[in-house]
Amino acid sequence: VYAGRIARAQKRVFDLIDIARELRARGVTFTLTVAGGGPDEAAFRERARDLIDAGAIHMAGILGPDALADLFRASEVCLLVSEFEGLPI
């Protein structure tokens, strides 16, 4: 799971697409859930369209605190690929 702003510069969210492509190339079965929204969401969706259509990436949108907590509990891995963080929540 990735939860945060969908922004290319600081958050490096496009790295998630590269990670997903590499996992598929290695034959790893997974679903990457992306929770959040942001200025690069449309570009992210466009670049990841094949992965989204194949079910490898699930776009969950912006979630409230309870739904986000449930998502984290149901997930095995949390990815934080940011270039830098002041204080990630």
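The shown structure was predicted, so the numbers you read here are calculated from the model rather than taken from an experiment.

**Focus: the nonpolar core**
Working step 1: Residues V13, L16, V34, F44, I57 and M59 are the most contacted members of the largest nonpolar core, which totals 17 residues.
Working step 2: Counting only elements with at least two residues in this core, the list comes to α1 (14–25), β2 (32–35), α3 (49–53) and β3 (57–61).
Working step 3: Top contributing element to this core by residue count: α1, with 4 residues.
Working step 4: Filtering out sequence-adjacent residues up to four positions away, V13 remains in contact with Y2, R5, I6, A7, R8 and F44.

**Examining the side chain of K11**
Working step 1: Looking at where K11 falls in the secondary structure, it is placed in the loop between β1 (2–3) and α1.
Working step 2: The residues contacting K11, other than those within four sequence positions of it, are Y2, R5, V81, S82 and E85.

**A short note on the pattern of salt bridges**
A side chain of one charge can pair with a side chain of the opposite charge if their charged atoms are brought near each other.
Working step 1: Following the criterion strictly, the structure yields 9 salt bridges and no others.
Working step 2: For R49, the salt bridge identified is with D53, shortest N-O distance 3.4 Å. Residue R49 and its partner D53 are located together in helix α3, separated by 4 residues, close to a single helical turn.
Working step 3: D70 is paired through a salt bridge with R73; the nearest N and O atoms lie 2.5 Å apart. Highlighted residues: D70 and R73, both in helix α4 (residues 65–74), separated by 3 residues, approximately one helical turn.
Working step 4: Connected through salt bridges with shared partners, the residues R12, D15 and E83 form a single ionic network.

Calculation notes
Residues numbered from 1 in each chain as written. Predicted model: local features only at pLDDT ≥ 70, side-chain atom pairs only at ≥ 80, totals over all residues. Heavy atoms only, no water. Core = buried A, V, L, I, M, F, W, Y, C linked by side-chain atoms within 4.5 Å. Buried < 20%, exposed > 50% of the residue type's maximum accessible area, 1.4 Å probe, protein only. Helix = DSSP H or I, 4+ residues; strand = E, 2+ residues; numbered from the N terminus. Contact = heavy atoms within 4.5 Å. Salt bridge = Lys/Arg side-chain N within 4 Å of Asp/Glu carboxyl O.

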